[in-house]
Amino acid sequence: WQADVARLPRAELRGAQLTVRNVRNFDYRTESDFTARYEDRTYDLSKLRGVDVFMSYWGSPAIAHTIMSWQFENAPPLAVSIETRKRTGQEYSALKGFFKQYEIIYVVADEHDVVGLRTNHRGEQVYLYRLKSTPALARALLLDYVESINGLVERPQFYNAFADNCTTTIRRHREHVDPDAPPIDWRLLANGYLDQRLYDRSIVDTRLPFEELRRLSQIDTKAKAADRDPAFSQRIREGLPDPR
């Protein structure tokens, strides 16, 4: 496997203590030059406060990569990015992504890794939205993710650019835990407009007009300024509207 997806994460729940193994926290000098580092982290689910979503753009405004990140009191966020697990020498092809050419992986990572890689080394445009979820819903969603994360250790699954991608899979997890999940619409496929869908459904802060919220939510400049700061996650959230 390529180095950035070499290890599969797994998690153990004992009471309210969630221990996640193989949390990726690489030290990047460039996109391809990095020191690989995996960690085991334990989170107290009683201190889970909510969940945020990142949207990362690299080309078309209609297509984005989405990353969920759970927020805890007195602990670093836990980010999960649903991606293709590529073998050494394999490159991603959007066309091949429809035809079972790649396994799927839930990259569980520090935000400095999975977000900073995109803002600081790939030059992508990244937006961060705080979601209006209760701690109970955030917990249920995280545990549904954990079930899939552990399942992939024993039973690998294929990535599918249409049905099992970074956004449609999030939607499926939401349906598992929330009977009031909004109905499907075209923005789940043209997911670059997912933030507008979240706004229309009042899942993000709606006290400002959408365009103003979107402007404030772009974090590229803040992420580059924070770089290797241990307070990276706090700094990229400075000034963000928070519906919670």
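About the cut-offs
- Residues numbered from 1 in each chain as written.
- Predicted model: local features only at pLDDT ≥ 70, side-chain atom pairs only at ≥ 80, totals over all residues.
- Heavy atoms only, no water.
- Phe/Tyr/Trp six-rings, centres within 6.5 Å; stacked < 30°, edge-to-face > 60°.
- Helix = DSSP H or I, 4+ residues; strand = E, 2+ residues; numbered from the N terminus.
- Buried < 20%, exposed > 50% of the residue type's maximum accessible area, 1.4 Å probe, protein only.
- Lys NZ or Arg CZ within 6 Å of the ring centre and 35° of its normal.
- Core = buried A, V, L, I, M, F, W, Y, C linked by side-chain atoms within 4.5 Å.
- Contact = heavy atoms within 4.5 Å.
- Arc of directions from axis to C-beta.

**Let's talk about the packing of aromatic side chains**
Line of reasoning, step 1. Applying the stated criterion across every chain, the model contains nine aromatic pairs.
Line of reasoning, step 2. Each ring, one from Tyr-43 and one from Phe-72, has its centre 4.6 Å from the other, and the planes form 40 degrees; the classification is tilted. Of this pair, Tyr-43 sits in strand S5 (residues 38-44) while Phe-72 sits in strand S7 (residues 65-72), and the two are 29 residues apart along the sequence. For the pair Tyr-43 and Phe-72, one class covers both residues: buried.
Line of reasoning, step 3. Ring geometry for Tyr-57 versus Tyr-127: centroids 5.7 Å apart, planes at 85 degrees, classification edge-to-face. You can see Tyr-57 sitting in strand S6 (residues 48-57) and its partner Tyr-127 sitting in strand S10 (residues 125-130), a full 70 residues away along the chain.
Line of reasoning, step 4. Here the aromatic residues Phe-26, Tyr-28, Phe-34 and Tyr-38 are joined through ring pairs into a cluster of three or more.
Line of reasoning, step 5. Directly above the ring of Tyr-127 sits Arg-214, whose terminal nitrogen or CZ lies 4.2 Å from the centroid.

**Points about the nonpolar core**
Line of reasoning, step 1. Met-68, Trp-70, Phe-72, Leu-131, Leu-142 and Tyr-145 are the most contacted members of the largest nonpolar core, which has 42 residues in total.
Line of reasoning, step 2. Other than its neighbours up to four places away in sequence, Leu-131 contacts Val-51, Asp-52, Val-53, Met-68, Leu-198, Ile-203, Val-204, Pro-243 and Arg-244.

**Comments concerning helix H6 (residues 210-217)**
Line of reasoning, step 1. Taken together, the buried positions of H6 are occupied by Phe-210, Leu-213, Arg-214 and Ser-217. For H6, the arc enclosing every buried residue in end-on projection is 100 degrees, short of the 170-degree limit, so these residues lie on one face. Exposed residues on H6 whose side chains face more than 90 degrees from its buried face are Glu-211 and Arg-215.

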